[in-house]
Structure formats: C-alpha cells, structure tokens
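Structure assessment
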Amino acid sequence: MSEPSVQGHTLATDYVRQLKKANEDLVQTAKYLDPESPHYLPAYIQNLIILKDSPQPPAGIEQKIALMQANWLSYQQRAARAKQILSEYPAKLKALAATNDFFLAPAAKQSEYLYMVDEESGQASTINWDEFATESYQQVNPSGQRAVFKGKDNIQLTLPEQTDAVRVWSNHVVVDGLIIRDQRTYTEAHRDAIQLIPPALGRREGDQYRRLADQMAGTIMENVTIQNCQISAPNGPLQGIFASDGMQRQLVIRSNLIATKGAHSISLAGVLEGCEISGNRLQAVAGGELPKINLYPARIGGNIADDGVVCILGFAAEPKQLRLEYAPILVQAANQILQVDGTETEAQIHDMRRVIPESFMALGLGLTEFRYHAYLAHYSSLSLGEYRQFDPFGAQQLETWLTQRIHEFSEGRADGHPLGRVGAEQQAIGDKLLQPALKALQSGSVEQQRLVDLDYSPIRSFAMKRLAIMHAQVQPLIHLGLANQRRELALQFVLEPSQLRNLVKLAHLDVRVLFVGTRQAAAHLPFTLFFDPDHYYTVTSNAQGELALADLPLGACILIPADPKLSLSLAALNKPLKPASLIQVASGLAQSLLNELRRKTPILDAYLRYFPTQEMACFNQLASYLNTVGVTSNILLSEAIRRDGLTLLGVMSSQTAANRRTSVLAITQNINLAQY
C-alpha cells in the first residue's frame, strides 16, 4: 500500500487522522454496503433493473443504474481501504512508540522542528494501541492522561537551516529527560531547544468547531512540565526553554541542565499563576553570554511589520471571570549558574513581567488593567465589518499602515531612517503577507468573516492590538530622547495622537567625576548633557564631584565638560592622554574612527549635527587616545578601542530606577592640538 502525503505536525498525528477518517468511512459506507441497511445499494440497484425492464422505463434509467453500480464499487473500495488502515496503522503507531518517535516530525518539516507534542499527537500517545487493535469497533478515544515525551537521548540539530529541536503546542504535557545537542556554529537568533506554544482556543457548537483565538491573540498554555532535560549548544546562541507568545499557567521547569552560548537559557513571556522554576543548572560556555532566567510580559499580536509591540503589564478583575495575574514564581530548590571556571552562583529570576523590556522599549507600549476576557470575547466574535464599526479609528489606521509598509518594503527606506533599512525578510513580508491583506481589505470580500477566521495574519494581528488597547489602560510612554521618533513611527498606527503625546521622563543619571592622576573629586564643575535638540541641559557637579540627575529621558546621551579647557579621559589609564601624532592625524585613522562611531551611534551623530563645531574636539580626543594606546592602523581597532572612544566622547546612558547605577567619569586638562 503506498503512503499518502503526510498531513499534520507529526507522523503520529497523520496516522491518527487516517484512523479517524477510516472509522468515519466505515460508518458512512456501511449505510450502503450492509445487507441489513434499508439503504443497501445492491437492493436499490436491483429495483432499478426491474424498473428498466418494465413496459415503460423512466428516461435515463440506464445511466442511473451505471452510476449506482459505479458508486457500489467506490463504496467497496473505500471500505476496503478503511479496513486496511484500521488493520495496519495501529502497528505503525506502536512502532513509533517503541522507538520513542511518537512525536517525530515528518521529513518535510524537520527544518522547522524535529519533534512536536501537539494536541493530536499528545492525545494519541495516551491510547493503548494493543487494545485498540482488538476492538470490534475501533473508535479513537484519548484516555485523558497527560502526554509524556520522555527519555529521548539523541536529539541533534545538525542541518544549517534547522531551527527548533522540540515544540510543545498542547496543554497537559510532560517533557522529561530529553538530551538535545547542537554542535553547529552560527550567530542567528530565534533557534530553540524547547519552544512552548500555547494551543489554539476553540469550542464545539453542534458538529462544528468554532475557533476563538491562537497564541498571537494571547491564549494560555496549562499544566506543562519540562524536567530533567539536558541542552547543549557550545558554539551557537540556541535558546534553551523559550516561550514568546501567549501565556503560561501551571508551568513547571525543574532540574534541567542548559549549556548554550546565548543568554536565553530560560526565557518566558506571560507566566501566570501556579508556575515553578526550580533546581535548574545554567552552564556558562566559553566565549558566550552569561546564562539567565528571564520573565517577560505577555504580548499581543507580535510585530509583523513595524507596527509596535503591545505588552500586557497587568490585568483587571472582571465580573464572573477568573482573574489573571503575574503571580510569584515557586522556587523549591535554588537555580544555579555554573561559571566557566567551575564556580557556582545562584541564578536569580529576572522578573520583568510588569515593565516593558528594554529590547522592546523603542517599539513597545504597555497596557495595565487589561480586561482579558472582554477583549477575547470581542476578538473571537467580531466580523471584519463589525470591527470597522466598533473601532473606526483602528480600521482606518489598518489600511494606512498596510499601504505605507508595502511602499517602504518594496521601494526601500532612506539611509538613516529611524526604522532601519529594509531587508530581504521585510520584502518577503510585504509581498506574501501585506499586499494580499490590503487587497482583501479594499475589495470588501471578507467583511462578513470573523477576525479570527481570516486568512490574512496582518489584519488579525493589527485588530488584536487595537482591541487589546481598547480593553485596557495605556501606560504613559517613557520619553526615550532620540528613540522617540522610531517608536512613534511604529506606534502611530495603533495609538491615538493623545496617547502618543503622553510622555513621561523618569530616568536617572548618576555620575562621579574625578581628575585623572590625582583621582580628586571634580567639584562644582559645569557639564553639558545632550539627549536630543529639545533636551539639552547644563548641569553642575556637587562638592563631592557627583551628578545625581532625575526626570530625564531614558536612553543614550552625551555628557562633556562645559569648560573647553577640560576634556574627558579614561579612569583606567590613570594618566592624561598624549598629544596626537601625525600618524593618527595625517593618515586619517582618527577621522575614520570618528566616522564609524558616528555612523553606528545615533546620539553622537545627532550631537554633531546640532553642534557641528564640536567635531574637531571629538577628532582631537580620538587622535590623542589612539596615540596614547599605540594604535597606528585600522587593523588594531578592536571593539575595546571603539568602546573607549565612545567613552572619551561622552557617550553614556540614563537608567530606570530599577537599573540605577553610578558611572565614573574621568576628566583632565585639554590638550592643544592646534598645530594639526
């Protein structure tokens, strides 16, 4: 018997679907093949033959007899095929279970993931296939137990294009004792050892399944345990245990060993009540980032095409509904970080669920008092036409957003555009997703379809965001200085103008200023502080040489002495800079470094555009520094040299109250470089 093309996320899912279809086929064909049935087809055909032989046969009787005979043959073949599947496929499922490959992906999908525990394969894994094979009427009935994926000790990511090792896309799952290895060398992000994806939400209405939401809309995964797994990726930033969309309830991550070059050992969004993260060992890798356990707020709608990230920072109580909350995480046994040198420290859980993460700050907005159940009720029930009436502002902005991004993604953006250059991935998004969505929107052909049923993900995701915003309080936007422009270009479509203008300045800048060499406090000295042309300050150190500033924009800034006789130095040098030599000046080495830093550092570029006369001072600083450390050619320009160059030009950053720390700024007498 030839194998049909595989349908579903796993081989087991495909087999179970075929078994269910075989059951249905037997029931349906029995109506015509069972001699005891009132619709027994041979009896009907015999009656037609008698009618044909009558004195006055009806017109077309011979054609009808031929059709019924063809149907009879078709029903027999269909029933035979069904019986063959019911005879053979339980053994196929038993074979998958015997080799622990019940959750194995079909070959065509193994570039995306190697194993998938979805609802269908998870339920099928709880069925006793021995008993199934002996039943006279073989109905596929899951046992209701938790699906268990356990003990697979040879999961290896080997092909360059492979992304995830294991995906869990179901409730009520235990993943236990897997060993996942990734020896590849790469820098690409978003590759996961174990990815958690909340399953879609729906309900039965008669014989029909009614879809309500998916993980992008904020569905909740429940009762999943990941324990005793080993994850190794010494050469690439594989993410260990990862969840980015939807939310998690009753999630347990316990006693796993994770050693990956990236920082995202355990990285989870939307963790709610009843969750535990205990006894995990995070092993640092030589040349890699420090492993971390990070908790992020839930987000709604993703970020398909620079339309912003909607972060849920808190939930509201709703009548007769279970309240969602970011509850404390249970830690039964301390999580540990094993350093490269063998020392161990406790791994803290970085809980950022109630704040916008820094990585989202320039594109994100925060919602509090989020009425999740009311939001979900509207999203799951409104048609596109009804949504237009419910949110006329959003409906208009949806079309504007699609039109503008299609233009940008096809024509490109100018150099220096705050949203960055358009890459191949964005061009593909424009062609494959945005353009079809705009055509459907403008044609009016999908007005009667529910939002959740639309095939156009850009329309769905945009409507999710707008509906979430309409069912919550929008947190005032944190003033980001220069980065405000980038954020506004993204959020202008989902936020109303008054919400975009509601900015707060809450950052701090704490600096201790010392003279190089003597390390004496630089008391009562004026400094200029630049965030953007509208936020340019003069500040003065106190008697201890300290600057303690509040109510500032959050982000990059430049702080330099206001007195031209003084300039910045490096505290680590503990001595003044040398005057620049002709090598650094005449060769163009200092100018080349300044151009590079300016190109890569928007705050420096903005500062020099606003104060063009300061370019010579910056050039002199870099030329002097390069001579001091003996850099005479481009090949000696290390990342450390570049970082020191930015420090010498006064580039630093303000912080939130939670991340507040004091920086040391070294100053010295300025060096006269007029001879050059």
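Criteria and thresholds
- Residues numbered from 1 in each chain as written.
- Predicted model: local features only at pLDDT ≥ 70, side-chain atom pairs only at ≥ 80, totals over all residues.
- Heavy atoms only, no water.
- Salt bridge = Lys/Arg side-chain N within 4 Å of Asp/Glu carboxyl O.
- Buried < 20%, exposed > 50% of the residue type's maximum accessible area, 1.4 Å probe, protein only.
- Helix = DSSP H or I, 4+ residues; strand = E, 2+ residues; numbered from the N terminus.
- Pairing = 2+ DSSP bridges.
- Axes fitted to C-alpha atoms, helices over the stretch in contact; angles between N-to-C directions.
- Contact = heavy atoms within 4.5 Å.
- Parallel < 35°, antiparallel > 145°, perpendicular 65-115°, else oblique.
- Left-handed = near helix turned anticlockwise from the far one by under 90°.
- Nonpolar A, V, L, I, M, F, W, Y, C, P; charged D, E, K, R; others polar.
- Core = buried A, V, L, I, M, F, W, Y, C linked by side-chain atoms within 4.5 Å.
- Phe/Tyr/Trp six-rings, centres within 6.5 Å; stacked < 30°, edge-to-face > 60°.
- Lys NZ or Arg CZ within 6 Å of the ring centre and 35° of its normal.

**Examining the pattern of salt bridges**
Per the counting criterion, the structure on display carries 30 salt bridges. Residue Asp453 pairs with Arg450 through a salt bridge whose shortest N-O separation is 2.9 Å. Given the relative accessible area of 36%, Asp453 is considered partly exposed. Its relative accessible area of 10% is what places Arg450 among the buried residues. Counted as one network, the salt bridges with shared partners bring together Asp306, Arg405, Glu408 and Arg413.

**Things to note about the pairing of strand β11 (residues 230-233)**
Looking along a regular strand, one sees the side chains alternate between the two faces of the sheet. Alternating positions in β11 separate cleanly, Ile231 and Ala233 being buried on one face and Gln230 and Ser232 remaining unburied on the opposite face. Pairing between β11 and strand β14 (residues 257-260): four bridges, direction parallel. In the sheet register, Ser232 faces β14, and the bridge partner there is Ala259.

**Considering the pairing of strand β10 (residues 220-227)**
Taking burial as the measure, the eight residues of β10 include six buried ones, the bulk of the element. Here four bridges tie strand β5 (residues 173-176) to β10, and the two strands are oriented parallel to one another. Bridge pairing in β10 places Val174 opposite Thr225. With seven bridges joining them, β10 and strand β13 (residues 247-254) adopt parallel strand pairing. Looking at β13, one finds that Gln227 is bridged to Arg254.

**Observations concerning the sheet that holds strand β29 (residues 526-532)**
If you walk across this open sheet you meet the four strands as β30-β29-β32-β34, and the pairing is antiparallel. The sheet is open, and its two borders are formed by β30 (535-540) and β34 (651-653), each paired with just one other strand. Ignoring strand direction, the axes of neighbouring strands in this sheet form an average angle of 30°. Helix α15 (residues 602-610) rests against β29, β32 (556-561) and β34 of the sheet, and its axis sits at about 55° to β32.

**Digging into the side chain of Asn280**
Relative to the helices and strands, Asn280 is located in the loop between β16 (276-278) and β17 (281-283). Not counting chain neighbours up to four residues away, the residues in contact with Asn280 comprise Ile253, Arg254, Ser255, Asn256, Ile266, Ala334, Asn335 and Gln336.

**Examining the packing of helix α2 (residues 41-52) against helix α3 (residues 61-98)**
Viewed as axis vectors pointing N to C, α2 and α3 meet at an angle of 165°, and their least axial separation amounts to 10 Å. Taken together, the axes of α2 and α3 are roughly antiparallel relative to one another. When you trace α2 past α3, the crossing you get is left-handed. Contacts between α2 and α3 involve Leu41, Pro42, Tyr44, Ile45, Leu48, Ile49, Leu51 and Lys52 on the former and, on the latter, Ile61, Glu62, Lys64, Ile65, Met68, Gln69, Asn71, Trp72 and Tyr75. Looking at the contact of α2 with α3, its residues break down into twelve nonpolar, two polar and three charged.

**Focus: the nonpolar core**
Ile155, Val166, Val168, Ile194, Leu196, Ile241 and Leu268 are the most contacted members of the largest nonpolar core, which totals 59 residues. Once you skip the residues sitting within four places of it in the chain, Ile155 turns out to touch Leu114, Tyr115, Phe149, Ala165, Val166, Leu178, Ile179, Ile180 and Arg181. In terms of nonpolar packing, the next biggest core, distinct from the first, is built from 57 residues, Ile356, Leu480, Leu593 and Tyr625 among them.

**Structural notes on the packing of aromatic side chains**
Considering all chains together, one arrives at 21 aromatic pairs under this definition. With a centroid separation of 5.2 Å and an interplanar angle of 85°, the aromatic rings of Tyr15 and Tyr89 are classed as edge-to-face. With Tyr15 in helix α1 (residues 11-33) and Tyr89 in helix α3, this residue pair connects regions lying 74 residues apart in the sequence. Of the two residues, Tyr15 and Tyr89, neither departs from the other in class, the shared state being buried. Among the aromatic residues, ring-to-ring pairing joins Phe315, Tyr326, Phe370, Tyr372, Tyr375 and Tyr379 into one connected group. Directly above the aromatic system of Tyr186 lies the positively charged group of Arg191, at a separation of 4.5 Å from the ring centroid.

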